[in-house]
Amino acid sequence: MKNQDVIKDLPNIPNGSIDLMIIDPPYQSGFTNYFNDFKEKLKPTGQILWFCQPTEMYDLPERPLQILIWKEPYSPKPIRKKYREFLDIIAWYAYGDYTFNKLLWNLMNSVFEDVVVREKRLHKWEKPETLMERLILVHSKEGDLIFDPFAGSGIIENVCKKLGRKYLGYEILPIKIE
């Protein structure tokens, strides 16, 4: 994992080199403006799984192949003058003859309800390891290069090691690197 700003280093990543991108940027931060810069790094058969808030979907410059949903566990977060948003949109983009490995039929739902199971989260916005494992199993093969430009807790790196995938990750905040 590289401890640096992915946007500044993006020109150094070869075009056409990435099999699967799992992009989970800080929400409401304008990273959708870099969609095409990320996309050019994909192989012709590559895929992007882009996590965003429901209101950010309208900022994505391309229509996804499918919308997946991660339903977060409810929390007592205070809200004012709007409904609670306990879900993340996962915009799935797939190009060419992309990889799609079917799991057991009961695991092939477009709504995920996985939870982070540990005493203390590694990162404030950590995603469940089981969710990342299923997404990586379905959308990649052993030996594929998985790109994680906003690595946070490093969950995707751990899953890649476990599943025999290559990993390239970036995290700008040194405190997140372990």
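Within each chain, residue numbers correspond to sequence positions counted from 1 in written order. Thresholds applied to this predicted model are a pLDDT of at least 70 for local features of residues and 80 or more for the giving and counting of side-chain atom pairs; totals over whole chains, interfaces and linings are not thresholded and use all residues. Calculation of side-chain values draws on the structure's entire complement of heavy atoms; hydrogens and water are dropped beforehand.

A few points about the packing of aromatic side chains
- Pairing of aromatic rings covers Phe, Tyr and the six-membered ring of Trp, with a centre-to-centre limit of 6.5 Å; geometry is then stacked below 30 degrees between planes, edge-to-face above 60, and tilted otherwise. Per the counting criterion, the structure on display carries 10 aromatic pairs.
- Centre to centre, the rings of phenylalanine 31 and tyrosine 34 are 6.3 Å apart; their planes meet at 45 degrees, and the pair counts as tilted.
- Whether a residue is buried, partly exposed or exposed follows from its accessible area with a 1.4 Å probe, protein chains only, as a fraction of its type maximum: under 20%, in between, or over 50%, in that order. Its relative accessible area of 18% is what places phenylalanine 31 among the buried residues.
- Classification of tyrosine 34 as partly exposed rests on a relative accessible area of 30%.
- Here phenylalanine 38 and tryptophan 50 contribute two aromatic rings whose centre-to-centre distance is 5.9 Å and whose plane-to-plane angle is 80 degrees, an arrangement assigned as edge-to-face. Taken as a pair, phenylalanine 38 in helix H2 (residues 35–39) and tryptophan 50 in strand E2 (residues 42–52) lie far apart in primary sequence, 12 residues in all.
- The exposure class of phenylalanine 38 is buried, given its relative accessible area of 0%.
- Taking the relative accessible area as the measure of exposure, tryptophan 50 reaches 1% and is therefore buried.
- Among the aromatic residues, those joined into a cluster by ring pairs are Phe31, Tyr34, Phe35, Phe38, Trp50, Tyr93, Phe147, Phe150 and Tyr170. For the purposes of this entry, the term helix denotes a DSSP run of H or I that reaches at least four residues, the term strand denotes a run of E that reaches at least two, and both are numbered from the N terminus.

Some details on a nonpolar patch on the surface
- By definition, no residue in a patch forms a salt bridge, and every one has over 30% relative accessible area; like charges are joined within 9 Å, nonpolar side chains (Val, Leu, Ile, Met, Phe, Trp, Tyr) within 5 Å. Areas reported here follow the Shrake-Rupley algorithm with a probe of radius 1.4 Å; residue values treat only the protein chains shown as occluding. Basic side-chain nitrogens of Lys or Arg form a salt bridge, by our definition, when they fall within 4 Å of a carboxyl oxygen of Asp or Glu. Together, Leu65, Tyr98, Phe100 and Met108 give the surface a local cluster of nonpolar side chains, amounting to about 330 Å² of exposed area.
- Checked against the element boundaries, leucine 65 lands in the loop between E2 and strand E3 (66–71).

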